[in-house]
Each structure stands twice: as structure tokens, then as C-alpha cells.
Amino acid sequence: MRYKRLHQILLLLSCLSLLSCSTLSRTKRKPSASALSTEQIASMIKRGEKLLGKPYRHRHSSGWTLDCSGYVGYLFSTLGIKIPRTSSALSQYVDRVKDPQPGDLLFFKGRNTRSSRVGHVALVVENKDGDLVIMHSTNNGGIIRHRLKGSTYFKKRYLHAGRIPALSRLSPDSQRKKKKKEQVRERVRVKEHKAGEMIKSEPLELKTRPSVSYLEERHIPSF
């Protein structure tokens, strides 16, 4: 009798524990990927701001040497994202974008303005209607933050902008392309559906030879 009662109590406790676990799994939901990425970018920019004023090639406690590519490489490493170490390799690694947003990278020529070779990289921290605010580690000023349009030196050396592949899902361009593809698929689906309905509704017309009376009326000899 005691054994039976003990078995019933254990069974009841196990059912309650399973119920609580299922309830907990329903209530705790992970944030969406896009919201999480936006928060991560903001956090990365804040980390970068804490290093403003540090000299060029500052040796960070994490072991990173903060030249231009080392600076952005360190910041993305705080998100668990590994990127190429040089600005030239980075320019080939990113997805190019026309409207850079916070977290994107800008690429510049080096000291030789006659060459189109990438020699410098900066991080976009803000886009004020096309007026870009950037942070980067520079030879003369160290790690600084400024408006791109306010710098004649960097403005005339600017080449293009790019987005790390891990963040490309946030691109407005990619979202527009995705939406356009969905619209094309929907139009094709509607056309196929209409064509199928027409085939079902229209009777099958059989082509027959004209009757004798028809031929006689038009004085056409029959063979």
C-alpha cells in the first residue's frame, strides 16, 4: 500500500515538472535575428568609442594591435565575428553597399592618391541622410571619430563601402531584392493558376471537315 502511494506521488511530481518545463519554454522566446544584430552593432560602436584618443597601433589588452584594420577587427571579434586582418583583404571580403549604415566599413586609398589600391578602412557609426560619421585608427590622429564630409583628406581618398557578410541580412538592398523576387514568384503563380482555370472551363473544340452542304453552298468541289 505504501509502495503504491509512493509511486503515485512520484508520478504526480514528474508530471508537474514536465508541465513547468513546457510552460517555461513557451514563455522564454529568443529575440529576432535582426533585432539582436542591431543591438550588437550598437554595443560594438560603444566599445569603439571607449578607445577614442588611443594612439595609432595602440596595443590593446586583448592582444590586438589597433592599426586601421586591427581596430575594426578587434571590434567585430567582440561579436564573435572573425574578419580578414588587412584593409585590402577586407575590401574583397565584404558585400558592397551603396547606402552604408552603422556597422558597415568604408575603404580608402592610401597616401598615393594616384593608385586605386585600398590602403585604409574605417567603421561607419552613423548615417545622417548621407552624411557619414566614421571611427577609425589613423596615422596622425590615432583613433578618432568625425564626419566624412568634414575631412578633405579622407573624402578625396574614399573608394567604396562594404558590409560584413554576417550582417548582410540587414541590408535594405537585399531586403528589396528579396521582396522583388517574392513578387515575381507571386505573379507567375497567379498566371499559372489562371491558365489552369481557363483550360478547365473552356470546352474542347474538335476540328471536323466541312459538310457536303457547306461545300455545295460555296461551289467548292469535294474530293
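For the structure, see preceding data.
These numbers come from a predicted model, not from an experiment.

(A) Representation of the side chain of Thr138. Relative to the assigned elements, Thr138 resides in strand E6 (residues 131-138). For Thr138, a relative accessible area of 6% corresponds to the buried category. A polar contact of 3.1 Å, which involves the side chain of Thr138, links it to the backbone nitrogen of Gly141. With near-sequence residues (within four places) excluded, Thr138 lies in contact with Tyr56, His120, Ile144 and Phe154.

(B) View of the side chain of His136. Take His136: it is sitting in strand E6. Within polar-contact distance, the side chain of His136 engages the side chain of His146 at 2.8 Å. Not counting residues up to four positions away in its chain, the partners in contact with His136 are Tyr71, His120, Val121, Ala122, Gly142, Ile143, Ile144, His146 and Phe154.

(C) Inspection of the pairing of E6 at higher detail. Burial runs high along E6: eight of the eight residues are buried. Here E6 shows a buried face lined by Asp131, Val133, Met135 and Ser137 and a second buried face lined by Leu132, Ile134, His136 and Thr138. Of the pairings in the sheet, the one linking strand E5 (residues 118-128) to E6 comprises five bridges and is antiparallel in character. When the bridges of E6 are listed, Leu123 appears paired with Met135. Counted between consecutive antiparallel strands, the loop separating E5 from E6 contains two residues, among which Asp129 sits at a positive phi close to 55°. Two strands pair when backbone bridges link them, and E6 and strand E7 (residues 142-147) are joined in this way by six bridges, in the antiparallel orientation.

(D) Representation of the environment of Lys156. Tracing the sequence through the fold places Lys156 in the loop between helix H5 (152-155) and strand E8 (158-163). Judged by relative accessible area, Lys156 falls into the exposed class, the value being 54%. For the pair Lys156 and Phe108, spaced 48 residues apart in sequence, the C-alpha separation works out to 8.7 Å.

(E) Focus on the environment of Ser43. Note that Ser43 resides in helix H2 (residues 33-49). Exposure remark for Ser43: the relative accessible area of 28% places this residue in the partly exposed category.

(F) Region of interest: the packing of aromatic side chains. Inspection of every chain in the model, using the stated rule, returns three aromatic pairs. Here Phe108 and Tyr158 contribute two aromatic rings whose centre-to-centre distance is 5.8 Å and whose plane-to-plane angle is 65°, an arrangement assigned as edge-to-face. Here the residue Phe108 occupies a position in strand E4 (residues 105-109), and Tyr158 occupies one in strand E8, the gap between them amounting to 50 residues. Judged by its relative accessible area of 0%, Phe108 falls in the buried class. On the basis of relative accessibility, which here comes to 30%, the residue Tyr158 falls in the partly exposed class. With centroids separated by 5.0 Å and ring planes inclined at 80°, the aromatic side chains of Tyr153 and Phe154 adopt a geometry described as edge-to-face. Residue Tyr153 is classed as partly exposed on the basis of its relative accessible area, which comes to 39%. The lysine or arginine in question, Arg157, covers the ring of Tyr153, its NZ or CZ lying 3.7 Å from the ring centre.

(G) View of the nonpolar core. Counting 27 residues, the largest nonpolar core has Val72, Phe76, Leu90, Leu105, Leu123 and Ile164 as its most contacted members. What Ile164 contacts, discounting residues up to four positions off in sequence, is Phe76, Ile81, Ile83, Leu90, Tyr93, Val94 and Leu105. With ten residues, the next largest nonpolar core counts Phe108, Leu132, Ile134 and Leu148 among its residues.

(H) Fine view of the pattern of salt bridges. A complete count under the given rule lists six salt bridges for this structure. A salt bridge links Arg145 to Glu126; the shortest N-O distance between them is 3.5 Å. Taken as a pair, Arg145 in strand E7 and Glu126 in strand E5 lie far apart in primary sequence, 19 residues in all. The exposure class of Glu126 is partly exposed, given its relative accessible area of 27%. Members of the salt-bridge network, linked through shared partners, are Glu49, Glu126 and Arg145.

Quick notes on the rules
Residues numbered from 1 in each chain as written. Predicted model: local features only at pLDDT ≥ 70, side-chain atom pairs only at ≥ 80, totals over all residues. Heavy atoms only, no water. Helix = DSSP H or I, 4+ residues; strand = E, 2+ residues; numbered from the N terminus. Buried < 20%, exposed > 50% of the residue type's maximum accessible area, 1.4 Å probe, protein only. Polar contact = N/O pair within 3.5 Å; in protein donor to acceptor, adjacent residues only side chain to side chain. Contact = heavy atoms within 4.5 Å. Pairing = 2+ DSSP bridges. Phe/Tyr/Trp six-rings, centres within 6.5 Å; stacked < 30°, edge-to-face > 60°. Lys NZ or Arg CZ within 6 Å of the ring centre and 35° of its normal. Core = buried A, V, L, I, M, F, W, Y, C linked by side-chain atoms within 4.5 Å. Salt bridge = Lys/Arg side-chain N within 4 Å of Asp/Glu carboxyl O.

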